[in-house]
Structures are given as C-alpha cells and as structure tokens.
Amino acid sequence: MKQIFTLCILFFCLGSIRAQINPPINGVADQRSIVFAFRNANIHVGSNELIKNKIMLVRGAKITDFVEEVPPEAVEIDCNGMHIYPSFIDISSSYGMNEKTTKRSDPGARHWNMAVHPEFNSADNFRYDASPAETLRKLGIGVVNCIQKDGIFRGTTCAVSLANLPETKSVLNPAAIQALSLSKGSSQEEYPSSLAGTIALIRQSFYDAKWYASAKSNKQFNISLQALNTHKALPVLFEAANGQDAIRAANLADEFGFRLWVDGCGEEYQHIDALNPQKVSFVIPINFPEAIDIVDIRSSRAIPLSTLMHWESAAAQAALLHKRGFTFAISSRGISDPKVFFSNLRRLVAAGLPSNVLLDALTSIPATLLGIESRCGKLQKGYDASFVICSDSLLHPNATILENWSLGQRLKFDNSNQMNFNGRYKGMVGKDTLQLVVKGKPFSSEALAKINGEKAKCVFKISGTQFSARLSLKNDSIILIQGNVQRENNSWQLNGEAIKFGTAPVNLTLLYSGAEDADTLKPEQWPDLHVDSLQLLHPFGSYGRSTLPQQEQILIGNAKIWTCSETGILDKASILIDKGKIQAIGTDSEVQKRVDVSRPVRKIDASGKHISPGIIDEHSHIALSRGVNEGTQNNTAEVRMRDALNAQDIDIYRQLAGGVTAAQLLHGSANPIGGQSALIKFRWGKEFPHLLLDNAQGHIKFALGENVKQSNWGYDKTSRFPQTRMGVEQVFYDAFQRAKEYRIMHETFKKGAKNAEPPAIDLELEALSEILEGKRHITCHSYVQSEINMLMHVADSMGFKVNTFTHILEGYKVADKLKKHGANGSTFSDWWAYKWEVNDAIPYNGSIMNEMGITTSFNSDDAEMGRRLNQEAGKAVLYGKTPETEALMFVTRNPAKMLKIDGFTGSLKPGNDADVVIWSDNPLSVYARAEMTIVDGAAYFDLESDKQLQLQNEAIRNRITEKMLREKAGGKPVKAYKSGKKHYYTCDDLFNETENHEE
Amino acid sequence: MTFLTKPKTMKNKYSLLLVFLLICSNSFINAQSKGILFTGGVIHTGNDKVIENAVMGIRDGKIEFAGSGTTIKYDKRLYAEQIDFTGQHIYPGFIALNSSIGLREIDAVRATLDVNEVGYLNPHIRSMPAFNTDSRIIPTVRSNGVLMVQATPAGGIISGSSSLFHLDGWNWEDALFKADDGLHLNWPEYPVARANKDSSKTDYIQKKQAEIIDFIKEARAYGLASEKKEINLRFGAMQGLFKGNQRLFVHCQKARSITDAILMLQEAGIKKLVIVGGAEADQTIKLLRKFDVPVVLSRIHRLPDYEDDPIDKPFRLPAILSDSGIMVALSYDGDMEAMGTRNLAFTAGTAATYGCGKELALKLITLNPAKIVGIQAQTGSIEAGKNADFILSKGDVLDPITADSIKLFIGGKEVNTSNHQSELNKKYREKYGLPLK
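Residues numbered from 1 in each chain as written. Chains lettered and ligands numbered in written order. Predicted model: local features only at pLDDT ≥ 70, side-chain atom pairs only at ≥ 80, totals over all residues.

This part covers helix α16 (residues 785–798) of chain A. Residue and element names in this part refer to chain A. An ideal rise of 1.5 Å per residue puts 20 Å on 14 residues; α16 measures up with 20 Å between its terminal C-alpha atoms. Among all positions of α16, only E787, I788, L791, M792 and A795 are buried. Each buried residue of α16 lies within a common arc of 140 degrees when the element is viewed along its axis, so the set occupies one face. Looking at the buried side of α16, the elements it contacts are α14 (725–750), β40 (776–782), β41 (804–807) and α17 (815–821). One or two residues past the end of α16 sits G799, with phi positive at roughly 85 degrees. (Helix = DSSP H or I, 4+ residues; strand = E, 2+ residues; numbered from the N terminus. Expected span 1.5 Å × (residues − 1). Buried ≥ 20, exposed ≤ 12 C-beta atoms within 10 Å, placed from the backbone. Arc of directions from axis to C-beta. Contact = placed C-beta atoms within 7 Å.)

Take a look at the structure:
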C-alpha cells in the first residue's frame, strides 16, 4: 500500500475558549472562524430530501445556512457530481474504550458479581483514539456509541463524535443507552457459566434494583443497583450471539419493561415471526459471511444447511426487517474496509431495501436512539457540521468517501484538490501514434494505452502534477513515458518524454481529445437472495418447513390402539383427532359418527398398524443452548432451563421420528440443587417459547452422589463443598431452612405488619419456597440407596415431597420406602458400570419398582436413545417380564404422571391432547417404526413428508454449493469452513458450547 | 448359591443331576460326551437359513448335524439327553468384534481399565494376557447371547493385537479361542469439510499417514531380513500381516480416510484389511468391493453425523453395504461399550428393520464376524462340524420383547444364563414378596 492519506486537520475552536474548561494551548491561539461553502453538490439533507442547487455553508462546528450564492468570504469547495450525506452513526462500537473492565477487585460498594457493572459509564472512560477514528471515518461514520463490550450488565454508553477534540467536546450524549449481553466476558467469577445461569443473574439483578429503590431502613449502599435504577428509563441495547438470543432479550424486556434494541448477530431474520416490531428494534451488522471454499463434496456435508442458507440470505435481512415494520440501524461492526462496507450497503439495496430506509438506518434512526437527533443525522441549518462528501451517490459502485467532516473538522482521504484530468489523450512517440485513456475514479492510476491502434499493457501512476506510464509492447519492448500535467487553453495536456531504452528520449505531447467514454458499469452480481424470494424455513435449516404442520381432522381406522389408559388395548379400532384434541376412540362405526363432515377429514387406514400415545421422555438435555449445568454453586434453583431453549436443534426432529412428543429438559447434575426444568412438546419448527407446555406445573432438578461431590472431575477438584454424601445432606437442610425463613419473612410482610418494608425477592429461595408449597416438583438425579433414603428423610422432616427420583438405579433396594414417601421412579432400562455408584444397577429395577406400585418410567438422558425409548420400554418385558401394556406406560402415561401432565397427554382418551403415534409394528418392538407422529393434532413427522424434506435438504444444499463454487470461480473471496462439532449434553456435563471446540 | 429352577425341557433324571452338578460348579456344566439331541423347534443357522421343525445333535463340543427333522436321519438312543424345543429357537452365539469386554470394568474408575496402552505404535501390545474372565460384565452380556468377543486394545495409532475369547472360562488361557487374530490401527481421520487452503491439518494427517506406512514398510523389511541382529518386539509382532495369517483392523469412519487407508495399506503389503467404524463406508463401496475389504460397523444405534443426513442413516448402513456385496459385521464400540454389548442383538434387530431382514441381520453378529476374523470353519453358524456355540431362546433374540435366552452353550457346554444382576433381582423380589419371574 503506497497510499498514505494526507491528513488535513483544521482545528476549529468551537465556541469561546474559557480558561479552566478547555486545555491550555501550546502556542498562539489559532481561531479560524472561516466559512466553507459547498457548491454543486447533491446534498442529502435527510433520507427523503435532496438539495441540488443550493450552497451549504459551514462555519465552525455547525451548518449555518443553505444559500444561492457563495459569500465572498467563504472558502469555496466545488463538489461537482459529488454527494453530501449526514455522517453515519454506528451504535454498536467499542471505539475509545479501554481493554480494562471493572473487576471484582475494583474498590467500591459494587454488585457481588464481576460481570454485573451497570455503574460503568463509557463517558467516564472514553478516550479519543486517532487510528480507529480514522478507520471509522473512512467508512463515512462520524458519530459512534461507545460500548464497553465486556460483561453482562455493561453500563451506560456515550455518543461521541469522532473529531479530534478534547473528550469534553466530543461527547454528544454522556448516557445514551444501557448495554447488556449474555456473555460474562472477562469476569473471573465462575458464576454464571451457562446461558440459563446468565439470564437468571440478569433477572435477579433487576429484582434487586427494584427492591433497592423501595428499601428504607434495610437499605444498603450499592452503586451498581443505584445505577440500574438511575438509568432505568434508558433504552437497552442487548447483544445477541445468535438468532434466538433476540427472543430471549425480548422476553426479558417484557418481564422488566425496558425498551429493547437488539445488537444483532445477523441471524435475527430467521426468527422474525417471534418478534414484535412494536417492542423490538435492531442494530444489524452487515459483515455478511463469505462463501465457503468447498473442495470435497463428501465432507462438505458437515456444513450445516443453516450455514449455507444464511450465506445467501444474510443480505436480505435489512429488507425483511423493513418489510415487517421493524426499526433498525446499521452497524459497521466487523468491517474496516470501505470497499466492503459500501459494497455491502449496495447489497442491502439489491436485496430489496429502499435506499431512503438505508440512509435512515445509517443516520436519523441511530441519532434518535442516541438522543442526539436535534443535532445529528440530518443536514439542516443549526445541525452539527458532521457530514461526508462522497465521490458519487452512495449506491454507485465507484462511490468512495472523499472527505469526512466531523463537528466542522475536515478529514480528507484523497488529495481532492489534485487535478482531475481523466480523459482521452493523443500524441506521437516518434513515428508511432500513442493514445492514452486516463480513467477510473478520479485520482486513481488507471489508464488504457494504444500504440498505432494496438492495445499495449499500461501501468500508469500519478503523483502530484506528475505522471508516469510504463507501456509493454507486444514485442516485449518497454516504453516509459513520464512528464507533467498542465492546463493549456482550458484543457489538459500531458507534456514529457518517451524513453525507449537504447534510443534517445523523444519529447512527447499528448493532447486532450475529449472526455473518457462513460464507463459501462457491469451490473454488480451478488449471490444474495432478494427479500421477495427469501423463503424462511421453520426452523431455518435442515428439515425446516416453509409452512408449519397444521391441526387437521384426522380419522385413523383399523388400528390396534394402545390407549395406555384403563381401556387397555383396542383391536381394530379407530381414533378421531380434531382441533388438536382426541375426539373419540372406539370401534370404527362409533368413531365414524363423531366426524365433523362439514370439514375436511384426513382418513388413514392403519390396518396392521399400532397406535400409541406420544412417547414422553422424563429426562432429556436436547434442545438446550450453551450449557445444561450451572454447576458453579451448589444451589442454583434460580436457573430456568426455559431461558436456554434451542428450537433449532435437529434432535427435536429426530425424537419425533422415534415417536417422542414431549420431554422434560433438565438442568444437569453438577450440583445438589440445580435449575428449573423446561417441559416442552416437540413442535418442530415453532420458536422456542412455543415449545413450552404452558399448562404444566413447575419442576426442578436436584442431584445426589458422585456428580455433586465431583468424584469424577479429576483429583484437583476437592475443595468445593460438598465432597461427600454427608455434606450433600447438609446442603439440603441448609437450603430449605433458609427457604422457610424466607417464606415467613414474605408472609409476614404480606399480612401487613405496620411499617413493614418489602423484603427482597430472592429467586433461588422463591423456587425452594414453591417446592415447600407443593407448586414445584423435584426430579432428583440419584443412584445409590443411601442417598435416596437420605433425601426422603430430609423431605419428610422439612415438609416437602420428592416427586421423582430420576436414574434411581438402586430404586429396587428401597422400593418400599419410595412407595411410602410417594415418590416416582424414572430409571434407565439397562445402564450400569459407567461409574462406581452404578455398580449395583440392574435391568430389573424398573419392573420391581413398577410391581411395588411406584409410578415408573424409563428415560433417556441421551439424544440417541431418546428416539428409541419405545424399545427401551420393551426391555422391561425382556428382563422384568413386565406385561407389554404396562411396559409401554413406562414411556407414556407414567412419565406424564411424574410431570403432572397426565391430565392432557400420555394416554389416549377423548379430550386429551392429540399426541399420537402410528407405528408399523408393536410399539415396544425393535421392528416398529414411527410412521407418523402427531403433536397437538398436527402431523409433525411422517415418513412421506420426511422423504420430501430430505429431497428439499438435498436440493438446497446442491443449489447453494454450486453457487459457492461459482463465487470461487468468479474470484470472490472464500473461506475455509471450520467445523464446530455438535455437543451432546448429558447430566454431568460442564461443557459450554460458546467455547466452540474445533474438531 | 441356588439359581436354577428346573427347566421345562429337562425331562430325565440326568438333567436333574446335571443341574445339581451345575450348582456345585457354579457356572459350568461338564462337557458331555454322550451327546444332546434337540428336536422340534426352529433353527436360525446364521447362514440365511431358517429350519422349521429342526433337529440338531451335539457331541464332544461340536454340532454333529443340524437340519430339518423330516429329512435328517438320526438315532435318538445315542443321545443321553434329548431336548424338545418345539416353539423355541436356536441361534448361533453372537460374536462381538472390536470389544473391550474383559479389559474394562467401570468406565469412571481408572483402576479397572486396561484398554489404552501408552505409546503410538504398539503392535507388540496384546489384549490376551489382560483379559479378565471374572469381569462382572461378562455374565450380563452372555445372558443376552454374546458368546464370543474380540478383546481389543484401543490406544495410540497402532493399538496392538486383539484375541478372540469365549465368554466362559476359568482364566484367559481357558477362554481363549484364537490368539492374536489381528492388529488394530487407528487410521488418522481427515478433518471435516476443510478446504485445501487451510491445509495445516490436512498436512498433519498426511504426515501421520506417511509415518504409519513407513513403519509398516520397515516392519516388512525386518521380516524379510535373513539375519536379525537384534529382536524388535514391535516389528516381530507385525509379521502375520505380511504372511496373511493376521488381519489389520483399520479403524476409521470417513470416506476420505477409508479410501486412503485401503489404497495405501494395500500398497504397503498388508494382505488382509478390515475397516472398523465405516460410518461413510457407503461412499467407498467400489473400493471395498474391489479389494474385498469387510467392514465392522461402529454401533449403529447412534445419531447421524450430519444435520441433513437421513434420520435413520446409521440404521440403514448395514443393508446398504450388504446389498452392495460387502461383508458387514456389527460392533458395539463407543460409550459404555462393555456393558452395552448386551444390546448387540438389538442393533441387529434395528438393521433388520431398516432393510436387512431378520436372517441377514442375524448373520451380521454371527457368521459374518466369524468370517471377518477367520474362524468361520469352527464357529459362527449352526452347521455340522462347527463348535456348538449357540443360544436356545423362547423367541426372536433380535427383539427385546421376545428375546429370552433359556440356555446357552459354549463349545457344547451349557453355561449359566444368570448373572449378579439376576441374583439381585431374586434377592429383592424375595425381600418384597414379589413373584419371581
């Protein structure tokens, strides 16, 4: 890079200088109240208004007027053919911020968690930084919002001008917005380690702030909570690391009533149906992914379809957001090359974004969000002189930023006072005719040459008033011409000499013979989809559908129906499904009568087939994002797995293919008191909030044994309490004792004791209180009899009940005690020998518990086995000789009972949810395939549509693969694909996928 | 210990005596030289055949004959014991290849693991002397019909040699069926979907491949040398590969890796190759056929590798390969593989559902693995002259709801179908007064 831009900074003194406020000057005062007049420019005063014939006057830091004539005292700047835009404003920037963050070791009365520092104020820490400022200004940006991008509560941000001014002058709004994220950043604290834990911490912090505002005599001093309250009214800019984070942020915004702007990752459009334009706005990045360098087709299958699809859809996001009525601003995040930035802006428009909306998204919208709309974002009299001069219209392929004015401070990127002598030239080199076309964007060094009408390779350089050109002729000889540019008779002339080596230099004069031919610009080609052809699949990726399965009236006849109810098995029977519910079951003739003939009915002849309720998995960890364990504390009852759902997990679809319709997604078992479960149905394609069973009661994970005492975590993990089963018991006594006291405190307050102050809400103790009140139900990971017995003792003495022991591999040893306590047992069919505490696990366990009258189920704790739970139930027949009808209940009605959802699913009864599976064979058999899986009366899986979806996968993959290969062939940049292997969670898993392990 | 009730099929006093003996000897029934005759049931030969109303005679540890009761001539009087198995089924015992049974007990307890040895090129390491016949896992796996395992070391690049063991024996010598049947090589896997541009990892893989090939060539040269100045244990352990009396089990999953492995190792002079893993073997069918390379598939009860793979891709793999004429066996390698091997037959059941049909599925865990390790002349199917290694079952052994092994025979000896788990079942059923099932 030869280019060194001449930095021309004219320092204006803004307003009057007063001692003490501004720094002393080293030298004499240099006040320049000069007026600049910009003439002949296309002035974009706002997104919808273009002024062509007026002269814009700038004096000091302000735009002073728009006039007809250039005032005599003004420095005239001729902007012929150029466009002037208000400076762009970037909301998502960490410009001017120090690496250093608030640390726990920082003094002061702060929040206990290092990742929570709402008291951090960017304006207190902001520092002008010349190099990044120039990089940003080259992109046309004049104002940025400085965010300390570290931690969860990141504090308040400030809007600053990029002018080289004392910080006191460049801060435009010292407290513009509040910044939040789901990443704890540099915090050294262990908590939170998971996504669910992070959201729990955010939630608790908001509750704490609320209490802080109302507390009187109990009041503590806490600058973090104080700051949260002070800035309560500010909009929140919430950083999203993936598409579904926008939904998480929106849920928090609803819960705590803040105005939400999502600092997007670019994938938000994939979830647009789940977001409300009245409630959510966006800052969107435009650093679109590059094509992937596909070399080996076989191994390219590892690239998820969603990654391929996002590549061609990313540029249409802005247009789609606009189409759906969302407000958004554009950020340059991830881009420092002006060429890329401008070409990506053009891609937004090519994909269907109206250009005025584009301009708004760069100027007035961010100005409004930052509260500086009365001085920035437009070019009007009295507004800041912060604008950019663009060589062309912003959307012209040759557009470059020539000058960036910030608060009246001029920054030029080209020597634009240099002469522009583009045009055609002609002259003689000895006897040869030389034609030269100087072209391209002004001041660049492009030229075409012809000698005697024949093209010659030409390298042309211009420096100041002097030029040089190297011509390579066909016969390999070289002619060097060099000289200077002069204006003769109102026209340009190139004077100099031509050197043919070996001969004497000859004088050369090239006369201007007219303007260069207008470039016929090749229409730019991008791989992007236009917003009108963007078909959003639900979910966005493999096996996604453009329209979700609908509830139908379905009549299935001639089937063997396993009702999993008192009705038992019905042979040659029918079942009618409508409006999401089971309407009737019985003989074909009985059920026929119930068909609503006024509406279409899908009739399925299920001769030779079996029908069962949808399988229910009591213990699953699929469909969860970024960690299933918040194992950093021994009690994390405040953590809610519903906050960390991932509706795009392909394993949801795979479970459906195994006839599974619902599951309890559990927190892991790294700590004695884990998080709250999410009960979901596998409504593949719906957004994650719609997977949840709204009518289900609360559940929570507890755990015992080797995991909670860290037995298999390595020999260095010996310090976290508890390390023995003795300690585990005390964790429970302690937790429930505190919960009891907490309840008393709150009940006393509710009863209205005089002058009582509201006690603080503690979400951890709230959850435990719910257990004591019987509103939240425990699923306890457990293995050996001693600990199972222990927890029942704790429960009996503290006044709560253990709803379900999960795993419970020694349940058979304490079946009588379980029965007495009223606990359920959800076990594995046949696992053992994977750790010491499962040494006495036996495959007869489920059958014995069942015969003892304990509600018994088999669960998976495994994404693969989850889809074969029906066969696992078959093993109760093999080992324990459990009758088949009862064995099937191990994975249908019994888990439904445990999860307290048996009132509407888990068995086939009129009025129940239509969660129904059609099997090719006895549902317990290894030979049975789920041919159709119906959830809420809609067929979310069936073999026929599965085939179609496979073809769709294949078609999309082929189409985009070819497109990517074409990109590479066309010389566009491509990148290697780096695969992150999917992580499958089990109970004792501390892995957090944000660390993105590479294969 | 008392754990055998009188089986229905035992009709004479001899059998009662036998039961008594069995009780005394804990787990073994003395080999009978007087012969046992089975009549009336169904024999699944493991060789695609189903024989209804079958008869089978066993004597001196071997199958004398097996066939249709209507065609085979036999003299009942020659059999001290006669078992009418009408309504029941006889299957060959299952063979679990690429197994760590006997080398692994409790996954999380290091002291109980003898699977991975230190070092990268360990052809001299042998599973044989570490095989623990008293593993508590063995009886639980045997109860479900797995009667033979290939105990396989797993560490490093060349892990060492496996041996075949009957799941019955006083000690490893006693249980040994075939020593050092083959060597196991963990072939370097290519990274997934990386472009040539990002070649560092690909280069690394290719360097590793070259190291292996060089090592093999040196081993071969060592074997050809007429005079050996010093004995090299590593090279010495590899000579069977070049003579063709040992197999090289090449563990790899991806098509690119399988392709390189076959082409390079053939070139290096390896006579008999077996691919173990083979997740993408369906993409290398031509090559596998050309070089006649069998595939031992990794546990098919697993999720597809890639998101848009067909949901049942691993389930279908045995049928896809078998239909293309490739010899396939099923393994149960992976997480919790030792204890989980009792589900080997159910993975065959899945293969049956997804295209194989029941008899071919059975073959994947009986005759095919026997062929792959070269013991098909002695065992692997119900055929005259072979070892009497078989299962007598109430129903279809590939399906959990019908599988119920009543009797197990290894080398003609009846072995115990119970295990410590069934004992605990009894113990606690007695405690609660539940019926013993």
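There's more to say after this.
Bringing the environment of A:K581 into the picture now. Mapping A:K581 onto the fold places it in strand β32 (residues 581–587). A:K581 sits 356 residues away from A:G937 along the chain, and the two C-alpha atoms are 6.1 Å apart.

Right, let's talk about the pairing of strand β39 (residues 698–703) of chain A for a bit. Residue and element names in this part refer to chain A. Among the six residues of β39, five are classified as buried, and the element is accordingly described as predominantly covered. Here two bridges tie strand β37 (residues 673–676) to β39, and the two strands are oriented antiparallel to one another. Considered in β39, the bridge of Q676 is made with I700. Two elements, β39 and β40, share six bridges in a ladder whose sense is parallel. The residue bridging G698 from the neighbouring strand is R776, located in β40. (Pairing = 2+ DSSP bridges.)

All names here are of chain A. Read from one edge to the other, the open sheet built from four strands follows the order β8-β9-β11-β12, with strand pairing classed as mixed. The open sheet terminates on both sides in strands that have one partner only, identified here as β8 (88–93) and β12 (171–173). Each strand of the sheet is rotated relative to its neighbour by a mean of 30 degrees, with strand direction disregarded. In this structure, β8 lies alongside strand β9 (residues 141–146), joined through four bridges in parallel fashion. Paired with S93 across the two strands is C146, which belongs to β9. (Axes fitted to C-alpha atoms, helices over the stretch in contact; angles between N-to-C directions.)

Let us now look at the interface of chain B and chain A. The partner chain A presents 59 residues to the 49 residues of chain B that form the contact. Elements supplying a minimum of two residues to the side of chain B that touches chain A: α7 (255–267), α10 (337–340), α11 (344–356) and α14 (420–432) of chain B. Considering each element in turn, the side of chain B that touches chain A owes the most residues, six residues, to α14(B). Residue composition of the side of chain B that touches chain A, by class: 27 nonpolar, eight polar and 14 charged. (Nonpolar A, V, L, I, M, F, W, Y, C, P; charged D, E, K, R; others polar.)

In this section: the sheet that holds strand β1 (residues 35–39) of chain A. All names here are of chain A. The strand order across the open sheet built from four strands is β5-β4-β1-β6, with neighbouring strands paired in mixed fashion. Bordering the open sheet on either side are β5 (62–67) and β6 (75–78), each of which pairs with just one other strand. Strand after strand, the sheet turns through a mean of 25 degrees between neighbouring axes, direction not considered. In this structure, strand β4 (residues 55–59) lies alongside β5, joined through five bridges in antiparallel fashion.

Turning our attention to the domain arrangement of chain B. All names here are of chain B. Partitioning chain B into domains gives domain 1 (13–92 + 395–432) and domain 2 (94–378). Here the C-alpha centroids of domain 1 and domain 2 sit 31 Å apart. Listed by partner, the interface residues are 22 residues for domain 1 and 23 residues for domain 2. Taken together, the elements giving at least two residues each to the side of domain 1 that touches domain 2 come down to β7 (89–92), β17 (405–410) and α14. In terms of residue class, the side of domain 1 that touches domain 2 is built from 10 nonpolar, 10 polar and two charged. (Domains from an automatic or database assignment.)

Turning our eyes to something else, we now look at the packing of helix α9 (residues 313–323) of chain B against α11(B). Residues and elements named next belong to chain B. Interaxial distance between α9 and α11 falls to 7 Å at its minimum, and their mutual angle equals 60 degrees. By the criterion of interaxial angle, the relationship of α9 to α11 is oblique. Like other packed secondary-structure pairs, α9 and α11 cross with a definite hand, here right-handed. Across the interface between the two elements, F315, R316, P318, A319 and S322 from α9 touch T350, A351, Y354, G355 and C356 from α11. Residue composition of the contact of α9 with α11, by class: six nonpolar, three polar and one charged. (Parallel < 35°, antiparallel > 145°, perpendicular 65-115°, else oblique. Left-handed = near helix turned anticlockwise from the far one by under 90°.)

Before going further, it helps to spend a moment on the packing of α14(A) against α16(A). All names here are of chain A. Closest axis-to-axis distance for the α14/α16 pair is 10 Å, and the angle between their directions is 20 degrees. When the interaxial angle is binned, α14 and α16 end up roughly parallel. For the pair α14 and α16, the crossing hand works out as right-handed. Judged by residue contacts, R725, V728, E729, F732, Y733 and F736 of α14 engage S786, E787, M790, L791, V794 and M798 from α16. Its residues assigned to classes, the contact of α14 with α16 shows eight nonpolar, one polar and three charged.

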